[in-house]
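Single-letter residue listing:
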Amino acid sequence: MGRANLSAPLNIGILALQGAFIEHGNMLRQLGAHVIEVRRPQQLAQIDGLILPGGESTAISLIAERWGLIEPLRHWVKTGKPVWGTCAGMILLAGHVEGQKAGGQSLLGGLDIRVNRNYFGRQADSFQANLETTLQDDGMPACRAVFIRAPVVTAIGPGVEPLASLVTPDGRKHIVAVRQDSMLATAFHPELTRDTRWHRLFLEMVEHARQGEESRTMDLNRLSC
Ligand code: GLN
């Protein structure tokens, strides 16, 4: 497992209210990132990028609401800070969700996609499959992915790039990973496999955003001289 090419450790926050946040943290540490489990709004100021983990999107949004995190998280996404939603996290980021619980759930939105929330059925229908992806990895022969009550992307806006798809036994192709600006979303759980390509991609996105931020600060300093 290689380390990502980082200039200085990146501070990556993982929303740690419910779901698979520990596994994301383990993988990020192996790649050289510094991990912060985010439970309070003030912690958002300490991080360079944020992961919304898989779990149960209704539970995550209810806890986030109770702990005063929904608006700060919406603000984080709106200001273009790097964010990656896996599974439930993809649902939270989606602009439109089909199959929401009665009464709905507070979504963060921002990502111009429509998702079908429990497309593949119940927990018992969880499965693993190889994906078709443009994200190549020399070290890994195929992109094996774990799907647990996973959503699929049923529509994407013009600024959204599909990164991976899954062909189901009926021959239909479903988009399961997308990127839009500094937002990444995967319907599956890369943190539950040994395939680090998605985590490395996210760290590259965060590093890129941090470099942009640094050069903007330098420009501002120069202007104020
Ligand atoms: N479909 C689930 C939800 O609505 C997400 C499942 C997952 O994150 N593994 O929250």
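Look above for the structure.
Q: What should I look at first to understand the pairing of strand E10 (residues 161-167) in this one?
A: Where a strand is regular, its side chains alternate between the two sheet faces. Taken together, the 2 bridges between strand E7 (residues 127-133) and E10 define a ladder with antiparallel strand orientation. Following the sheet pairing, threonine 133 is matched in E10 by alanine 164. Sheet analysis places E10 next to strand E11 (residues 173-180), joined by 6 bridges and oriented antiparallel. Looking at E11, one finds that glutamate 161 is bridged to arginine 179. Between E10 and E11, which pair antiparallel and follow one another directly, the connecting turn spans 5 residues, one of which, glycine 171, has a positive phi of 85°.

Q: Looking at this model, I keep getting lost on the pairing of E7. Mind explaining?
A: Relative to strand E8 (residues 143-147), E7 runs antiparallel, the two sharing 5 bridges. Counterpart to asparagine 130 in the pairing with E8 is arginine 144.

Q: Looking at this structure, how should I read unusual backbone geometry?
A: Excluding glycine, most residues fall at negative phi; most peptide bonds, likewise, are trans. The residue arginine 149 is not glycine, and still its phi comes out positive at about 45°. By the secondary structure assignment, arginine 149 is in the loop between E8 and strand E9 (152-156). Residue aspartate 181 is not a glycine yet carries a positive backbone phi of 50°. Along the chain, aspartate 181 falls in the loop between E11 and strand E12 (183-186).

Q: So what exactly am I meant to see when it comes to the environment of glutamate 132 here?
A: Among the structural elements, glutamate 132 can be located in strand E7. Using a relative accessible area of 40% as the deciding quantity, one classes glutamate 132 as partly exposed. Separated by 24 residues in the primary sequence, glutamate 132 and isoleucine 156 have C-alpha atoms spaced 18 Å apart. A distance of 2.9 Å separates a polar atom in the side chain of glutamate 132 from a polar atom in the side chain of lysine 173.

Q: What's the story with the pattern of salt bridges in this structure? I'm lost.
A: Side-chain pairs of opposite charge can arise whenever the charged atoms involved come near each other. Within this structure, the stated rule accounts for 9 salt bridges. Among the salt bridges present, the one from arginine 179 reaches glutamate 161, with a minimum N-O distance of 3.2 Å. Here glutamate 161 lies in strand E10 and arginine 179 lies in strand E11, a separation of 18 residues in the sequence. Residue class for arginine 179 comes out partly exposed when judged on its relative accessible area of 23%. According to the relative accessible area criterion, glutamate 161 is partly exposed, its value standing at 35%. Note that aspartate 195 is salt-bridged to arginine 197, the shortest N-O span being 3.0 Å. The same class applies to aspartate 195 and to arginine 197, which are both buried.

Analysis parameters
- Residues numbered from 1 in each chain as written.
- Predicted model: local features only at pLDDT ≥ 70, side-chain atom pairs only at ≥ 80, totals over all residues.
- Heavy atoms only, no water.
- Pairing = 2+ DSSP bridges.
- Helix = DSSP H or I, 4+ residues; strand = E, 2+ residues; numbered from the N terminus.
- Buried < 20%, exposed > 50% of the residue type's maximum accessible area, 1.4 Å probe, protein only.
- Polar contact = N/O pair within 3.5 Å; in protein donor to acceptor, adjacent residues only side chain to side chain.
- Salt bridge = Lys/Arg side-chain N within 4 Å of Asp/Glu carboxyl O.

The values reported here are purely geometric and, on their own, carry no functional implication.
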